[in-house]
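# Fold and contact review
These are the residues of each chain, in order.
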Amino acid sequence: MKLRIRQLGWMIKYQVAIAAVLLVLVYVLIIFELMHRTIIALVGSFAALAVLSAIQSRPAFLEVISWIDFDTIGLLFGMMIMVGIFSDTGFFEYTAVKAYKLSKGRVWRLLVILCVLIAVLSAFLDNVTTILLLTPVTIRLCKVIDLDPIPLILAEVVFCNIGGTATAIGDPPNIIIVNDPKIVASGQIDFGNFMLHMAPGIVACMIAGLVALKFMYRKKLQRMPSQLKTRELDIWRRTAERMRVHDSEEEALVKTKLLDYVKQLELEIEVEQLESEKDSEVGMIDISELEAKYPITDMPLFIKCCTVLLVVIGLFFLHSFVEVNLNLAWIAIIGAMVLLVVSGIHDVEKVLEKIELGTLLFFAGLFVLMHTLEEMELMSYIADLATEIVGKVPEGDARLAVAILVILWIGAIASAFIDNIPFTKAMIPIVNELANSNMGLPLQPLVWALSYGTCLGGNGTIIGASANVVAAGLAEQQGHPITFVTFFKVGMPQMLVSVFVAMCYMLIFHVAIPWY
């Protein structure tokens, strides 16, 4: 036994470095798409458990299962069932047409409407719920108007995470912060003053984010009216190429007609592209024709779905203010069961097909992986590093400014690459220690900085926030896969812009002007 402890002593000493290496390896696999991200999360969690077992002791099976956040899994499961049933009513196509009509056919105006809507909703609903409700609408909308849905989905996810930062109930890190016993005991943080201090900064972040999107999407928001015909053209071209030349008169005739049809398709695509370029931003569509084509297809089921969803969403909202003896997962699952009963659905398999099992397994693996890294003290190391940096600065406004900068940027960068929930849990004791020690630091600005950092940082990568993973899963289900690099190209610049704006807001209104 003593020999084994001596042999593994180096692993105990360097467990933080080993945890960091494991995390980097997981990201390398995800970035280069060597395997599906669900498999990577599961394999990574098992590898991390193996290392943890070698360094410390092997955790019991039930203990590992307890590391999975079943509240999140249950919430996703219940909402996926309700949204899957709701999709059969034609509501998403109907809403998509109405949204396009409201934008008057302008894609940029449509994008702004969707981004602002999802930001406001996510401030008062769970981010995952908001994404589950609006992503199907966006995908159907883009299908109706021949638009690539990925840029719109990415923008919605980014603004969902930004909007959720504004209130104490919009994002999981905020819920964890405002419910911490020491923060509650201080009497300085409640729902009202949280929103009062956070919302102005978030409004500024949204404005800056829209400006950045306008620049980033200047060549992407264009309709592709010939998208389906282009796919058809590729199929017929490959078919013609595979046909052997003049083996018989019949085959020669077939190939000739096929090549003529290919030329006809090429001409039609060229004409449609020229017509779509007549407008500077988007080819116009006959709205009345779309409204006639996409009505509500099942009104009785639509009424039942709306009733159940409104009750569920109402309970979600009341859950944060009124003592309800049900958590979000139970509310979602009970709502799903009620809707299954009242809808009279007999083909349950059809409903179950719409559940993103890969997304649920990804979350399970990710929760185990992140908790294992937490057991290996990676989160504690990052938190202690922040404390050490702040402690070296002389007391006064300079120390407060450095504390805000360190908590904000370390929180943002860490939350982009590791799950922000365990990191927030690791940082809260540090914030309390900084505020309650003899460093002369007020609690409120440190709390605001932690919230901005951990919530906005989730936009950095595809696994930085739960909403990102859910949106990617929904898009992949509809044939629009979002890779790590695709998300990174939009999410990371948006994260940097929003965190920079939040930093300026904090330095002006909480350092230069002590608003606390």
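What counts and how
- Residues numbered from 1 in each chain as written.
- Predicted model: local features only at pLDDT ≥ 70, side-chain atom pairs only at ≥ 80, totals over all residues.
- Heavy atoms only, no water.
- Helix = DSSP H or I, 4+ residues; strand = E, 2+ residues; numbered from the N terminus.
- Buried < 20%, exposed > 50% of the residue type's maximum accessible area, 1.4 Å probe, protein only.
- Contact = heavy atoms within 4.5 Å.
- Areas by Shrake-Rupley, 256 points an atom, 1.4 Å probe, with all protein chains shown as cover.
- Phe/Tyr/Trp six-rings, centres within 6.5 Å; stacked < 30°, edge-to-face > 60°.
- Patch = residues over 30% accessible without salt bridge, like charges linked within 9 Å, V, L, I, M, F, W, Y side chains within 5 Å.
- Salt bridge = Lys/Arg side-chain N within 4 Å of Asp/Glu carboxyl O.
- Lys, Arg positive; Asp, Glu negative; His and termini not counted.
- Charge placed at Lys NZ, Arg CZ, Asp CG, Glu CD.
- pLDDT = per-residue confidence, 0-100.
- Axes fitted to C-alpha atoms, helices over the stretch in contact; angles between N-to-C directions.
- Left-handed = near helix turned anticlockwise from the far one by under 90°.
- Nonpolar A, V, L, I, M, F, W, Y, C, P; charged D, E, K, R; others polar.
- Core = buried A, V, L, I, M, F, W, Y, C linked by side-chain atoms within 4.5 Å.

## A look at the overall build of the chain
The secondary structure content of the chain amounts to 26 helices and 0 strands. Per-residue burial for the chain yields a buried fraction of 53% across its 516 residues. Restricting the contact set of the chain to residue pairs at least 6 apart, pairs at least 24 apart contribute 81%. Only carbon and sulfur atoms are counted for the fraction: they give 65% of the accessible area of the chain, which is about 24,100 Å².

## What about the packing of aromatic side chains?
Aromatic rings considered in pairs are described by the distance between their centres and by the relative angle of their planes. Tallying each qualifying case throughout the model produces 11 aromatic pairs. Ring geometry for Tyr-452 and Tyr-505: centres 6.2 Å apart, planes at 80 degrees, overall edge-to-face. Placement of the pair is Tyr-452 in helix H24 (residues 443–456) and Tyr-505 in helix H26 (residues 484–512), with a sequence separation of 53 residues. The two residues Tyr-452 and Tyr-505 agree in class, both being buried. Both rings, one in Phe-484 and one in Phe-488, keep their centres 6.0 Å apart while their planes meet at 15 degrees; by these two values the pair is stacked. One end of the pair, Phe-484, and the other, Phe-488, are both in helix H26, 4 residues apart, so they sit about a helical turn from each other. With a relative accessible area of 6%, Phe-484 lands in the buried category. An aromatic cluster is defined as three or more aromatic residues linked by ring pairs; in this entry it consists of Tyr-27, Phe-417, Phe-484 and Phe-488.

## Let's talk about the environment of Leu-196
Within the secondary structure, Leu-196 sits in helix H13 (residues 191–216). Along the sequence, Leu-196 and Ala-166 sit 30 residues apart, while their C-alpha atoms lie 8.6 Å from each other.

## Here we look at a negative patch on the surface
Taken together, the side chains of Glu-63, Glu-375, Glu-377, Asp-384 and Glu-433 define an acidic patch exposed on the protein surface. The residue Glu-433 is located in helix H23 (residues 420–436) in this model.

## Observations concerning the pattern of salt bridges
Counted under the stated rule, the structure contains 2 salt bridges. The partner of Arg-37 in a salt bridge is Glu-476, and the shortest N-O contact between them spans 3.5 Å. Here Arg-37 is found in helix H4 (residues 37–55), whereas its partner Glu-476 is found in helix H25 (residues 466–477), with 439 residues between them in sequence. Among the residues examined, Glu-476 registers a relative accessible area of 33% and is labelled partly exposed. The residue Lys-392 makes a salt bridge to Glu-388 at a minimum N-O spacing of 3.8 Å.

## What to know about the confidence of the model for the chain
Here the chain shows a mean pLDDT of 83. Residues at 70 or above account for 90%. Between the elements of the chain, mean pLDDT differs from a low of 45, seen in helix H1 (residues 2–7), to a high of 94, seen in H26. Here residues 1–7 is modelled with pLDDT under 50, and outside its nearest four sequence neighbours on either side it reaches 2 contacts, counting other chains as well. Ignoring residues within four places in sequence, the model shows residues 279–283, a span with pLDDT below 50, making 17 contacts including any to other chains.

## Remarks on unusual backbone geometry
Located in the positive-phi region is Glu-377, a residue other than glycine, with phi close to 70 degrees. Among the structural elements, Glu-377 can be located in the loop between helix H20 (357–375) and helix H21 (378–391). On the basis of relative accessibility, which here comes to 41%, the residue Glu-377 falls in the partly exposed class.

## Regarding the packing of H13 against H26
Their axes nearest at 9 Å, the elements H13 and H26 cross at an angle of 145 degrees. Seen from above, H13 lies across H26 with right-handed handedness. For the pair H13 and H26, contact is made by His-197, Pro-200, Gly-201, Ala-204, Cys-205, Ala-208, Gly-209, Ala-212, Leu-213 and Met-216 and by Lys-489, Val-490, Pro-493, Gln-494, Val-497, Ser-498, Val-501, Ala-502, Tyr-505 and His-510, respectively. Residue composition of the contact of H13 with H26, by class: 13 nonpolar, 6 polar and 1 charged.

## Section: the environment of Lys-257
Tracing the backbone shows Lys-257 in helix H15 (residues 249–276). According to the relative accessible area criterion, Lys-257 is exposed, its value standing at 56%. The sequence separation of Lys-257 and Ala-240 amounts to 17 residues, and the corresponding C-alpha distance is 9.9 Å.

## Some details on the nonpolar core
The biggest cluster of nonpolar side chains holds 165 residues, and the ones touching the most others in it are Met-79 and Tyr-452. Top element by residues in this core is H26. It accounts for 12 residues.

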